[in-house]
Each structure stands twice: as C-alpha cells, then as structure tokens.
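# Descriptive structure summary
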Amino acid sequence: SKEELKEAMEVISQLNPHPGDGLDFSDKDFVIPDICIENKSNEWIVSLNDSSLPDARVSKHYLNMYQDSKDDKKVRDFLGKKIESAKWFIEALKERDNTIRKVVLAIIDFQSKYLESSGGKLKPMVLKDIASKINMDISTVSRVTSSKYIQFPWGVKNMKSLFSEGIKTSSGNQVSSIVIKDIIKEIINKEDKKNPVLDE
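The text that follows walks through the structure, step by step, so that each part is easy to find. (Residues numbered from 1 in each chain as written. Predicted model: local features only at pLDDT ≥ 70, side-chain atom pairs only at ≥ 80, totals over all residues. Heavy atoms only, no water.)

## Details of the layout of surface pockets
What counts is decided by this rule: Every definition here rests on a 1 Å grid over the protein atoms only: cavities are sets of points where a 1.4 Å probe fits but cannot get out, pockets are open sets enclosed by protein on both sides within 12 Å along at least five of seven lines, and lining residues have some atom within 4 Å of a point. Grid points are joined across faces, edges and corners, and a volume is the space filled by probe spheres set on the points. Under the scheme applied here, ten amino acids are nonpolar (Ala, Val, Leu, Ile, Met, Phe, Trp, Tyr, Cys and Pro), four are charged (Asp, Glu, Lys and Arg), and all others, including Gly, are polar.
For the largest pocket, the calculated volume is near 300 Å³. Surrounding the largest pocket, 10 residues form its lining, D50, P54, A56, L93 and D97 being those nearest its centre. Partitioning the lining of the largest pocket into residue classes produces 5 nonpolar, no polar and 5 charged.

Printed below as a string of structure tokens:
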C-alpha cells in the first residue's frame, strides 16, 4: 500500500548507504593460504587455493580475429605472436602450479611425523633436501616457498617456517632449531620471573 511504501522510504532514507565505513579494516589481520592440506582416509590431499583467481585463457574474440585475418598478413602475424605469447603464459602458470604441488608433496613426505603429530615434531629440513628430492634447483624451491602459506588441519603456517637447520643432540639425533626455540620459549614462559632460569 502507499502507506507501507511511504513508511519504508522513510526508514530507508535514514540508513547509511556505506555501512562498513565506520569499521577499521587492515590487510594484516589475516592470511589467505596459498595451499590447503587435509587428511582424507589417512591420505594427505593437497589443493591450491586459487578459487579467487580467474581462469587464464586466450580470448575467443582474438582467436576469431586471427582466423578472419587471412588476407592481411601484417595483422595475422601480429595476432599470431600475441596468441602464442598468451598460450606460453598459460602454460607457465600451469607449470608453476605443478611445481608448487611437487614441492608441497615433497615437504609432506619429508615431514610426515610433523603432520602426524599435528605440528609437534618438526624435522630439520633445508631447501636442498626438497630440491634434491624433486630434482629441481634450490633457487626454484626457494622461490616457490617464499611468501606462501600452507593451511594445515591445525592452523596456517608460512612455508619458510617449515625449513630449519638441524642441531645435534647429545644422543646424536638431529633436532630442528625451530623445535629448540619453541622449547626455550616455553621454559621462559613458565619460569619464575623473580628467579629466572640462567642461560646455561
């Protein structure tokens, strides 16, 4: 009815058209993982988190233009080069995804105890370990793991944080330097602040 419409218009006219303006958002509040790892039927499944990215493909418009330009060699050559360049770029993206997947699968294989212990038993691992496992250059592994995050069932981790030097224990075993840092952190958190633990 006209009365209901008038009432609705009165309410709507008083609303803020930009309701999120008053909230303070920061890009640093959260991390969107690049890779997700989940355990399904005792098998680790790796999936790349690229759902927000559009599919890369050569435009049909330009492919049709290329087909229609049989009479104009200059246009056909120009379009041919651009289409080949686009195809190469798409292949490079696929290769990048395959490389990321290979690296992550090698990390899963190397750090099986870490995964089974829900992030408790990190094994010493350096870039060279993964590079030799998948027959790739160390620089490629470094590039793939740089600024990337993995979502494990128990939390999100920076890929670089999975790499650490090993320190030999008195029993002769190798322990990750990250594990030792975590132990030291725990000791400091639990110590009596009036009578702190000595460095020794």
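## Remarks on the side chain of Q111
Put simply, the rule is: A run of H or I in DSSP becomes a helix once it reaches four residues, and a run of E becomes a strand once it reaches two; helices and strands are each numbered from the N terminus. Relative accessibility decides the category of a residue: with a 1.4 Å probe and only protein chains considered, values under 20% of the type maximum give buried, values over 50% give exposed, and everything between is partly exposed. Only heavy atoms enter the contact rule, under which two residues are in contact if any of them lie within 4.5 Å.
If you trace the backbone, Q111 turns up in the loop between helix 3 (73-110) and helix 4 (112-116). A residue is classified by how much of its surface remains accessible, and Q111, at 2% relative accessible area, is buried. Those residues in contact with Q111 that lie beyond four places of it in its chain are K121, L122, K123, M125 and L162.

## With respect to the packing of aromatic side chains
Let me state the cut-off plainly: Each Phe, Tyr or Trp ring (for Trp, its six-membered ring) is paired with any other whose centre lies within 6.5 Å, and the angle between the two planes then decides the class: stacked below 30 degrees, edge-to-face above 60, tilted in between.
Scanning the entire structure with this criterion turns up 3 aromatic pairs. Ring geometry for Y114 versus W154: centroids 5.7 Å apart, planes at 80 degrees, classification edge-to-face. Of this pair, Y114 sits in helix 4 while W154 sits in the loop between strand 3 (149-152) and strand 4 (155-158); the two residues are 40 residues apart in sequence, bridging distant segments of the chain. Relative accessible area serves as the criterion here: at 4%, Y114 is assigned to the buried category. Judged by centre distance (4.9 Å) and plane angle (5 degrees), the ring pair of F152 and W154 falls under stacked. We classify F152 as buried; its relative accessible area is 4%. Within the aromatic cluster, the residues linked to one another by ring pairs are Y114, F152 and W154.

## Points about the pattern of salt bridges
What counts, and what does not: Any carboxyl oxygen of Asp or Glu that lies within 4 Å of a side-chain nitrogen of Lys or Arg is treated as forming a salt bridge with it.
Per the counting criterion, the structure on display carries 5 salt bridges. We note a salt bridge from E38 to K40, for which the minimum N-O separation is 3.9 Å. In this structure E38 comes out as partly exposed when scored by relative accessible area, which is 38%. Here K94 and E91 are joined by a salt bridge, their closest N and O atoms 3.7 Å apart. Separated by 3 residues within a single helix, K94 and E91 lie in helix 3, roughly one turn from each other. The exposure class assigned to E91 is partly exposed, which follows from its relative accessible area of 47%.

## Things to note about the packing of helix 3 against helix 6 (residues 138-145)
So the rule is basically this: Note on definitions: angles span 0 to 180 degrees between N-to-C directions of axes, and those axes are lines fitted to C-alpha atoms, for helices only across the stretch in contact. Note on terminology: angles under 35 degrees are roughly parallel, angles over 145 are roughly antiparallel, angles of 65 to 115 are roughly perpendicular, and the others are oblique.
Viewed as axis vectors pointing N to C, helix 3 and helix 6 meet at an angle of 95 degrees, and their least axial separation amounts to 10 Å. Compared by their axis directions, helix 3 and helix 6 come out roughly perpendicular. In contact with T99, I100 and V103 of helix 3, helix 6 contributes T140, V141, V144 and T145. Here the residues of the contact of helix 3 with helix 6 sort into 4 nonpolar, 3 polar and no charged.

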